[in-house]
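Take a look at the letters that make up each chain.
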Amino acid sequence: MNSGKTLLPAIIVLMFLSLAATAQVRPEDRIKGLWLTEEKDGKIEIFRTGNTYTGRLVWGNSVLDEHGNPKHDVNNPDPKLRTRTLQGMVMLTGLVYED
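In this text the structure is predicted, and so the values were computed from the model without any measurement.

Mapped onto the secondary structure, Thr54 falls in strand 3 (residues 52-60). Residues Thr54 and Val96 lie 42 residues apart in sequence; the distance between their C-alpha atoms is 9.3 Å. Contact partners of Thr54, with chain neighbours within four places excluded, come to Glu45, Ile46, Phe47, Thr49, Val90, Leu92 and Thr93. Here the side chain of Thr54 touches Thr49 through a polar contact of 2.8 Å, side chain to side chain.

So, in structure tokens, the structure goes:
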């Protein structure tokens with residue numbers, strides 16, 4: 001029954017490490033992560049790019065066709081971009097955090 005005494009220090013160390021990691025998060029980085037779209041039919045990943053934030057489509061109801069194949073950006077005005085897939089496509093750029 002000595003395992004409780006050896007486990008307690010490890011738990012305390014893990015608690016302090018998690019607190020230290022949380023304390024280092026900058027307020028503006030709270031927007032980073034995965035976000036559902038307003039209609040909840042897609043998921044956008046927001047990540048830092050230099051001093052701004054960027055959003056990429058990681059999931060959506062309309063990223064695959066009826067056969068499960070990736071859909072492409074066929075309506076893009078730039079013909080060179082019409083072959084890129086919708087899933088993984090950067091959709092938001094230059095976002096700036098304002099407190």
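This model, assessed by the stated rule, comprises four salt bridges. In this structure, the salt-bridge partner of Asp29 is Arg48, at a minimum N-O distance of 3.2 Å. Within this pair, whereas Asp29 is found in the loop between helix 1 (3-23) and strand 1 (33-36), its partner Arg48 is found in strand 2 (residues 42-49), the two being separated by 19 residues in sequence. Overall, the relative accessible area of 26% leaves Arg48 in the partly exposed class. In this structure, Glu45 engages Arg56 in a salt bridge whose closest nitrogen and oxygen atoms are separated by 3.2 Å. One end of the pair, Glu45, is in strand 2; the other, Arg56, is in strand 3, and eleven residues separate them in sequence. Beyond isolated ion pairs, a larger network of salt bridges with shared partners links Asp29, Lys32 and Arg48.

Parameters at a glance
Residues numbered from 1 in each chain as written. Predicted model: local features only at pLDDT ≥ 70, side-chain atom pairs only at ≥ 80, totals over all residues. Heavy atoms only, no water. Helix = DSSP H or I, 4+ residues; strand = E, 2+ residues; numbered from the N terminus. Contact = heavy atoms within 4.5 Å. Polar contact = N/O pair within 3.5 Å; in protein donor to acceptor, adjacent residues only side chain to side chain. Salt bridge = Lys/Arg side-chain N within 4 Å of Asp/Glu carboxyl O. Buried < 20%, exposed > 50% of the residue type's maximum accessible area, 1.4 Å probe, protein only.

Nothing here speaks to function; it is all geometry.
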